[in-house]
Amino acid sequence: MSAIDDLPPLRDVIREHDLAAKKSLGQNFLLDLNLTSKIARASGPLEGVTVFEVGPGPGGLTRALLACGAAKVVAVERDERCLPALAAIAARYPGRLTVIPGDALETNWNALAAEHRAAPDSPVRVVANLPYNIGTLLLTHWVEAEPWPPFYESLTLMFQREVAERIVATTDNRIDYGRLGVLCGWRTKARILFDVPPSAFTPPPKVTSSVVQLVPRPDPLPCSRQDLSAVTAAAFGQRRKMLRQSLKPLASDPAPLLEAAGLDPTARAETVPIEGFVALARAFRRRREEIRSNT
Ligand code: SAM
């Protein structure tokens, strides 16, 4: 019997259901229910909260979320082999676990929130030990969500330490600062909560992992995410070049754009704070509108 519930230990669950980890599905399982409880608690008090989990696998984090009091867990899992183990958890917590078999990348999260909240006013949080091969893609998807503020109150997610550092990076950490840091910093407040060593996973990955929390900013600086994406793609695409050179894919002469945004043409992307990129995105939009109205 494990400490947090009366379900069998996860090693027995994995053996019983023959859940040998598949690398192609980014499967690195957490078998220590004390650690999964720490991750569950890191997302804040769970009473009344609906949690969306990606990739419950054999259910270590799922069990911790339920034992810590989540009103409901909605878990999207691609590996059908995991479904019987998850059904046993659903039976232990009647009406509180909904398993959606399928691909998280294809999931309509707004629709899921509308359909599966524990109650109409139940806040939604996303808590997951993500499959590393699609972690950044899923995060980008959630941070680019429309409408904004999004369907979730927070994201509490496991990443490789190197990705976590890029998510929280600012101009103070120039090596890690890039498109991901600008996007996440623009729309959310992001911070690393704690590290998790490779030895905590089965099988152990090669690198240290970190749990990151992102809380949506209610009023991000106004600009369109497509324009922000376009200017950061150009600027960080040639990050060692000065902006007057790296922005040439956006305008044959970037000087007027840079002037309108109040940016130094000799600056490099890694020294431009998020507000600078927002100003550039807005100037880029105005310039395109001017060109359109003159033709
Ligand atoms: N939550 C479990 C834990 O902490 O032990 C498993 C985490 S494991 C890192 C990632 C999980 O995501 C696996 O169960 C895997 O099958 C699942 N997965 C991989 N790709 C997925 C996808 N596209 N959609 C949904 N789940 C996926």
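Since the model is a prediction, treat every value here as computed from it, not as a measurement.

Topic: the nonpolar core
Ranked by size, the top nonpolar core spans 59 residues in total, and within it Leu139, Trp142 and Phe277 carry the most contacts. Examining the composition of this core, we find that seven residues originate from one element, helix 12 (residues 274-293), more than from any other. If sequence neighbours within four positions are ignored, leucine 139 has contacts with Leu155, Leu157, Phe159, Ile167, Leu180, Cys184 and Leu214. Judged by nonpolar contacts, the second largest core, of 33 residues, contains Leu7, Leu61, Leu65 and Phe194.

A look at the UniProt feature "binding site: S-adenosyl-L-methionine" (unreviewed entry) in the protein
The positions UniProt marks with the feature "binding site: S-adenosyl-L-methionine" (unreviewed entry) are Asn28, Leu30, Gly55, Glu77, Asp103 and Asn129. For glycine 55, the position within the fold is in the loop between strand 2 (50-54) and helix 3 (60-67). The residues touching glycine 55, leaving out its near neighbours within four places in the chain, are Val76, Glu77 and Asn129. The topology assignment puts aspartate 103 in the loop between strand 4 (97-101) and helix 5 (109-116). The partly exposed category is assigned to aspartate 103, whose relative accessible area is 22%. If near-sequence neighbours (up to four positions away) are discounted, aspartate 103 is found in contact with Val76 and Arg78. Separated by 2.8 Å, the side chain of aspartate 103 and the backbone nitrogen of leucine 105 make a polar contact.

Focus on helix 5
Within the sequence span of helix 5, burial applies to Trp109, Leu112, Ala113 and His116. Angularly, the buried residues of helix 5 cover 100° about the axis, an arc narrow enough to put them on a single face. For helix 5, exposure combined with an orientation more than 90 degrees from the buried face picks out Ala114 and Glu115. Buried residues along helix 5 sit in contact with strand 2, strand 3 (72-77), strand 4 and helix 6 (135-143).

Looking at the side chain of threonine 156
When you line up the elements, threonine 156 lands in strand 6 (residues 154-160). Within the local environment of threonine 156, its side chain forms a polar contact with the side chain of glutamine 213, the two groups lying 2.8 Å apart. Among residues more than four places away in sequence, those in contact with threonine 156 are Ile39, Ser43, Val126, Val127, Ala128, Leu193, Val211, Val212 and Gln213.

Observations concerning the site of the ligand
Of all residues adjacent to the ligand, which total 21 residues, the nearest are Leu30, Gly55, Glu77, Asp103 and Ala104. Here a nitrogen atom of the ligand sits 3.4 Å away from a polar atom, N or O, in the main chain of proline 56. The separation between an oxygen atom of the ligand and a polar side-chain atom of glutamate 77 is 2.6 Å. Secondary-structure elements contributing two or more residues to the shell around the ligand are strand 1 (29-30) and strand 3. In terms of residue class, the shell around the ligand is built from nine nonpolar, seven polar and five charged.

A short note on the state of the cysteines
A complete count under the given rule lists zero disulfides for this structure. Left unpaired, cysteine 184 is separated from the closest cysteine sulfur, that of cysteine 223, by 14 Å.

A look at the environment of alanine 113
Along the chain, alanine 113 falls in helix 5. Those residues in contact with alanine 113 that lie beyond four places of it in its chain are Phe52 and Phe151.

Things to note about the packing of aromatic side chains
A full pass over the atoms with the stated rule returns eight aromatic pairs. Note that arginine 92 overlies the ring of tyrosine 93, its terminal NZ or CZ placed 4.5 Å from the centroid. The lysine or arginine in question, arginine 288, covers the ring of phenylalanine 284, its NZ or CZ lying 4.5 Å from the ring centre.

Notes on the packing of helix 6 against helix 8 (residues 179-187)
Where helix 6 contacts helix 8, the two axes come as close as 10 Å, and the packing angle between them is 35°. For the element pair helix 6 and helix 8, the recorded crossing hand is left-handed. Residue-level contacts link Thr136, Leu139, Thr140 and Val143 of helix 6 to Leu180, Leu183, Cys184 and Arg187 of helix 8. Residues of the contact of helix 6 with helix 8, tallied by class, amount to five nonpolar, two polar and one charged.

With respect to the sheet that holds strand 3
The seven strands are arranged 4-3-2-5-6-9-7 in an open sheet whose pairing can be described as mixed. Looking along the sheet, the strands with just one partner apiece sit at the ends: strand 4 and strand 7 (188-196). Ignoring which end each strand starts from, the neighbouring axes of this sheet average 20° apart. Direction of pairing for strand 3 relative to strand 4: parallel, over a ladder of five bridges. Paired with valine 76 across the two strands is isoleucine 100, which belongs to strand 4. Across the sheet, helix 6 is in contact with strand 2, strand 5 (124-129), strand 6, strand 7 and strand 9 (209-216); its angle to strand 6 comes to roughly 160°.

The rules behind each value
- Residues numbered from 1 in each chain as written.
- Predicted model: local features only at pLDDT ≥ 70, side-chain atom pairs only at ≥ 80, totals over all residues.
- Heavy atoms only, no water.
- Core = buried A, V, L, I, M, F, W, Y, C linked by side-chain atoms within 4.5 Å.
- Buried < 20%, exposed > 50% of the residue type's maximum accessible area, 1.4 Å probe, protein only.
- Helix = DSSP H or I, 4+ residues; strand = E, 2+ residues; numbered from the N terminus.
- Contact = heavy atoms within 4.5 Å.
- UniProt positions renumbered as here; feature names shortened; annotations may be inferred.
- Polar contact = N/O pair within 3.5 Å; in protein donor to acceptor, adjacent residues only side chain to side chain.
- Arc of directions from axis to C-beta.
- Near = heavy atom within 4 Å.
- Nonpolar A, V, L, I, M, F, W, Y, C, P; charged D, E, K, R; others polar.
- Disulfide = S-S within 2.5 Å.
- Phe/Tyr/Trp six-rings, centres within 6.5 Å; stacked < 30°, edge-to-face > 60°.
- Lys NZ or Arg CZ within 6 Å of the ring centre and 35° of its normal.
- Axes fitted to C-alpha atoms, helices over the stretch in contact; angles between N-to-C directions.
- Left-handed = near helix turned anticlockwise from the far one by under 90°.
- Pairing = 2+ DSSP bridges.

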